[in-house]
Amino acid sequence: MIPTPPAGYRGRFAPSPTGPLHLGSLIAALASLLHARSAGGDWLLRIEDIDPPRERTGATAAILHSLVQHGLRWDGDILWQSQRSAAYDAALDALDADHHLFACTCSRRELGANGACQQNCRARRAPTGRPSALRVAVPADFVSRWEDPWQGPQYCALGRELTDFIVRRKDGLYAYQLAVVVDDAYQGITDIVRGADLLDSTPRQHLLQQLLGYPQPRYAHIPVLTDDQGRKLSKQTLAPALDDAAAPSNLRLALHYLGQPMPPAAADSARALVDFAVAHWSPLGLPRAPAVTADQ
């Protein structure tokens, strides 16, 4: 059951416990919080712990500690995706009842470009007894459009440009696209601020929201931080973990990359820096680009 969406702005930050936060994730968290707080809204925290093979021991505690040390306080209780299996199963049942799912038995070798199913799985629909992933059958005429504040007008003819995507993996784990849509609806999220690396996820989430009868949040994608070779700073590229003892300097650097007014020297604590940044939040200051290169 989806609660009645609350009035006003509700944003969120939803890290995966695959490692500690780094500068790129701090930038995303800070932008999300500033956009919410400047609108007088709530900022929620969700831990996306639905992929145990990729999770690292102690990562969740490290993430929570970093957020607190950097003055990024969330509202309400944390939502843990590992406790949401019943909600994801209900969403899968609803999609299946309306004939939007099919079982895909393709091996990695059999998949085409962008992970596309190349066999007769969609036409067959019925499970074969072999290990299978569940995919959404994307309607050929489905189009996703939205006005992104920082990336400009967005248009994706999903049925022609992307593949029938997975919502439950062969190993039985729930896919990101399904879980995030179910939880955004459950939490009444009205606005999503995240990195531009997730731009191509938005059309898939629009489709799931339409198929499940969920409200559609507003989406805004900030530029991601990259190295001098154009690679996103991430856990996969071994971006260094945040030094929580250097929270004020980390926050100043994050505000620099977000194109925000720099707090005065007297703002020397994480709380003072965040308070200043909320009061002076300038969405127009953000670079209108999918990425910015880290200073060398």
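**Looking at the overall build of the chain**
- Across its full length, the chain carries 9 helices and 12 strands.
- Over its C-alpha atoms the chain spans a radius of gyration of 20 Å, differing by no more than 12% from the 19 Å that the globule rule assigns to 296 residues.
- Principal-axis analysis of the C-alpha atoms places the extent of the chain at approximately 65 × 40 × 35 Å.
- Here the chain holds 296 residues, and 51% of them are scored as buried.

**What to know about unusual backbone geometry**
- For His 99, which is not glycine, the phi torsion reads 65° and is therefore positive.
- Taking relative accessible area as the criterion, His 99 reaches 61% and is therefore assigned exposed.

**A look at the side chain of Gln 154**
- Mapped onto the elements, Gln 154 comes out in strand S7 (residues 152-156).
- A polar side-chain atom of Gln 154 sits 3.0 Å from the main-chain carbonyl oxygen of Gln 151.
- Excluding its chain neighbours within four sequence positions, the residues that come into contact with Gln 154 are Ser 144, Arg 145, Trp 146, Asp 148 and Leu 199.

**Details of the pattern of salt bridges**
- On inspection of all chains with the given rule, the structure shows 14 salt bridges.
- Here Arg 84 ties to Asp 183 by a salt bridge, and the two come within 2.8 Å at their closest N and O atoms. Residue Arg 84 is located in the loop between strand S3 (79-80) and helix H3 (85-97), and its partner Asp 183 is located in helix H6 (residues 176-186); the two are separated by 99 residues in the primary sequence.
- You can call Arg 84 buried: its relative accessible area is 11%.
- Here Arg 169 ties to Asp 171 by a salt bridge, and the two come within 2.6 Å at their closest N and O atoms.
- Overall, Asp 171 belongs to the partly exposed group, its relative accessible area being 48%.
- Salt bridges linked by common partners bring Arg 12, Arg 46, Glu 48 and Asp 184 together as one network.

**A few points about helix H1 (residues 23-38)**
- For H1, built from 16 residues, the straight-helix expectation of 22 Å at 1.5 Å per residue is met to within 8% by its first-to-last C-alpha distance of 22 Å.
- Counting buried residues in H1 gives 14 out of 16 residues, a clear majority hidden from the surface.
- Gly 40 lies just past H1 and shows a positive phi near 70°.

**Quick word on the packing of aromatic side chains**
- All told, the structure shown has 2 aromatic pairs when counted by the stated rule.
- Consider the rings of Phe 13 and Trp 43, whose centres lie 6.2 Å apart with planes at 15°: the pair is stacked. Here Phe 13 is found in strand S1 (residues 10-13), whereas its partner Trp 43 is found in strand S2 (residues 42-47), with 30 residues between them in sequence. Each member of the pair, Phe 13 together with Trp 43, is buried.
- Directly above the ring of Tyr 186 sits Arg 84, whose terminal nitrogen or CZ lies 4.1 Å from the centroid.

**Here's the deal with empty space enclosed by the protein**
- Evaluated as defined, the whole model comprises 1 cavity of 30 Å³ or more.
- Empty space within the largest cavity amounts to approximately 30 Å³.
- In terms of lining, the largest cavity is formed by Ile 27, Pro 223, Val 224, Leu 225, Tyr 257, Leu 258 and Val 292.
- For the lining of the largest cavity, the class distribution of residues is 7 nonpolar, no polar and no charged.

**A short note on the packing of H3 against H6**
- Packing of H3 against H6 leaves a shortest axis separation of 10 Å and a crossing angle of 105°. Our classification of the angle between H3 and H6 gives roughly perpendicular. Across from Ala 87, Tyr 88, Ala 91, Leu 92 and Leu 95 in H3, the residues of H6 making contact are Leu 178, Ala 179, Val 182 and Asp 183.
- Looking at the contact of H3 with H6 residue by residue, the class counts come to 8 nonpolar, no polar and 1 charged.

Reading the values: the criteria
- Residues numbered from 1 in each chain as written.
- Predicted model: local features only at pLDDT ≥ 70, side-chain atom pairs only at ≥ 80, totals over all residues.
- Heavy atoms only, no water.
- Helix = DSSP H or I, 4+ residues; strand = E, 2+ residues; numbered from the N terminus.
- Rg over C-alpha atoms; globule rule 2.2 N^0.38 Å.
- Buried < 20%, exposed > 50% of the residue type's maximum accessible area, 1.4 Å probe, protein only.
- Polar contact = N/O pair within 3.5 Å; in protein donor to acceptor, adjacent residues only side chain to side chain.
- Contact = heavy atoms within 4.5 Å.
- Salt bridge = Lys/Arg side-chain N within 4 Å of Asp/Glu carboxyl O.
- Expected span 1.5 Å × (residues − 1).
- Phe/Tyr/Trp six-rings, centres within 6.5 Å; stacked < 30°, edge-to-face > 60°.
- Lys NZ or Arg CZ within 6 Å of the ring centre and 35° of its normal.
- 1 Å grid on protein atoms, 1.4 Å probe; cavity = no way out; pocket = protein on both sides within 12 Å on 5 of 7 lines; lining within 4 Å.
- Points joined across faces, edges and corners; volume = space filled by probe spheres on them.
- Nonpolar A, V, L, I, M, F, W, Y, C, P; charged D, E, K, R; others polar.
- Axes fitted to C-alpha atoms, helices over the stretch in contact; angles between N-to-C directions.
- Parallel < 35°, antiparallel > 145°, perpendicular 65-115°, else oblique.

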